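# Structure at a glance
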Amino acid sequence: MPFEIPENLHPDCAPVAWLLGTWRGNGHGDYPTIEAFQFGQECIFTHDGRPFFHYMSRSWIVDEQGEKVRDAAIETGFLRPKADGSLELLLTHHTGFVEIWYGAAEIGTPRLELSTDAVARTQTAKEYTGGHRMYGMVEGDLLWAYDMAAMGQPLQPHLWGRLVRQ
């Protein structure tokens, strides 16, 4: 699908403008404390002229035929690019935790990488201590990977997916 840079794009957002839009696709999850699974996902990155993107993602567990079994994760937040190429990401999850991420976008390449700086949990949230995320455009699709440290486990691969711009 063709992509047009918005006229009101804030200059700080230019290095990550390739993220704008709605993306849908599939992913996989695995971790030592759970069974492997597959999921569908929709991610939306919007911009209103200010120096940030609003981000929202929802996912659903699918069976072997790709049919929805049940709703899964929801997260929302703000990606805040800075003039020097660094990034801040603020995320809130329906499961009871919030995160502050720092990272950078590769100049001239549709790729970014982020790591958690802080995680706060409610009393009922699972034990989660940190993460690492990578996003990149490959053959016009959005590929991403998320490594997680949780439930007494060290940082390791947890989720990955491929999304297509809608």
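Quantities reported herein were computed from a predicted structural model and do not represent experimental measurements. (Residues numbered from 1 in each chain as written. Predicted model: local features only at pLDDT ≥ 70, side-chain atom pairs only at ≥ 80, totals over all residues. Heavy atoms only, no water.)

## Side note on the pairing of strand β2 (residues 34-46)
In this sheet, β2 lies alongside strand β1 (residues 21-31) in antiparallel orientation, the contact comprising 10 bridges. Paired with Arg24 across the two strands is Glu42, which belongs to β2. Across 9 bridges, β2 lies against strand β3 (residues 53-62) in antiparallel orientation. Along β3, the bridge assignment pairs Glu42 with Arg58. In this antiparallel pair of consecutive strands, β2 and β3, the connection spans 6 residues, and Gly49 shows a positive phi of 100°. (Pairing = 2+ DSSP bridges. Helix = DSSP H or I, 4+ residues; strand = E, 2+ residues; numbered from the N terminus.)

## What about the environment of Ser86?
One can find Ser86 in strand β5 (residues 86-93). Take Ser86: its relative accessible area is 24%, and that puts it in the partly exposed class. A distance of 2.6 Å separates the side chain of Ser86 from the side chain of Asp84, its partner in a polar contact. (Buried < 20%, exposed > 50% of the residue type's maximum accessible area, 1.4 Å probe, protein only. Polar contact = N/O pair within 3.5 Å; in protein donor to acceptor, adjacent residues only side chain to side chain.)

## Side note on the nonpolar core
The biggest cluster of nonpolar side chains holds 33 residues, and the ones touching the most others in it are Val16, Leu19, Phe45, Phe53, Leu112, Tyr135 and Leu142. Top contributing element to this core by residue count: strand β9 (residues 141-150), with 5 residues. In contact with Leu142, not counting residues within four places along its chain, are Trp18, Leu19, Trp23, Phe45, Tyr135, Gly136, Gly161, Arg162 and Leu163. (Core = buried A, V, L, I, M, F, W, Y, C linked by side-chain atoms within 4.5 Å. Contact = heavy atoms within 4.5 Å.)

## Brief notes about the side chain of Arg133
Here Arg133 lies in strand β8 (residues 128-138). For Arg133, a relative accessible area of 6% gives the class buried.

## With respect to the pattern of salt bridges
Taken as a whole, this structure holds 11 salt bridges when the rule is applied. For Glu106, the salt bridge goes to Arg111, with nearest N and O atoms at 2.5 Å. On the basis of relative accessibility, which here comes to 34%, the residue Glu106 falls in the partly exposed class. Between Glu139 and Arg162 there is a salt bridge; the shortest N-O distance is 3.2 Å. You can see Glu139 sitting in the loop between β8 and β9 and its partner Arg162 sitting in strand β10 (residues 156-165), a full 23 residues away along the chain. Residue classification places Glu139 among the exposed residues on the basis of a relative accessible area of 72%. For Arg162, a relative accessible area of 34% corresponds to the partly exposed category. One continuous salt-bridge network, built from bridges that share partners, spans Arg24, Glu42 and Arg58. (Salt bridge = Lys/Arg side-chain N within 4 Å of Asp/Glu carboxyl O.)

## With respect to the sheet that holds strand β6 (residues 97-105)
Strands in a sheet are paired, the pairing made by backbone hydrogen bonds, and the direction either parallel or antiparallel. Judged by pairing direction, the barrel is antiparallel, and its 10 strands sit side by side in the order β1-β2-β3-β4-β5-β6-β7-β8-β9-β10 before closing back on the first. Each strand axis lies, on average, 25° off the axis of its neighbour in the sheet, ignoring direction. (Axes fitted to C-alpha atoms, helices over the stretch in contact; angles between N-to-C directions.)

## Observations concerning the packing of aromatic side chains
Summed over all chains, the structure comprises 6 aromatic pairs. Taking the centre distance of 4.7 Å and the plane angle of 40° together, the rings of Phe97 and Tyr128 count as tilted. Highlighted residues: Phe97 in strand β6 and Tyr128 in strand β8, separated in sequence by 31 residues. Residue classification places Tyr128 among the buried residues on the basis of a relative accessible area of 2%. Site record: aromatic cluster; members linked through ring pairs are Phe37, Phe39 and Trp144. Above the ring of Tyr146, the side-chain terminus of Arg133 is found at 5.0 Å from the ring centroid. (Phe/Tyr/Trp six-rings, centres within 6.5 Å; stacked < 30°, edge-to-face > 60°. Lys NZ or Arg CZ within 6 Å of the ring centre and 35° of its normal.)

## As for the pairing of β9
Every regular strand shows the same layout, with side chains that alternate between the two sheet faces. Most of β9 sits out of view: 7 of its 10 residues are buried. In this structure, β8 lies alongside β9, joined through 10 bridges in antiparallel fashion. By the bridge assignment for β9, Gly130 is matched with Ala149. Two successive antiparallel strands, β8 and β9, enclose a turn made up of 2 residues, where Glu139 displays a positive phi of approximately 50°. In the sheet, β9 pairs with β10 via 7 bridges, with the strands oriented antiparallel. Within β10, the residue paired with Leu142 across the bridge is Leu163.

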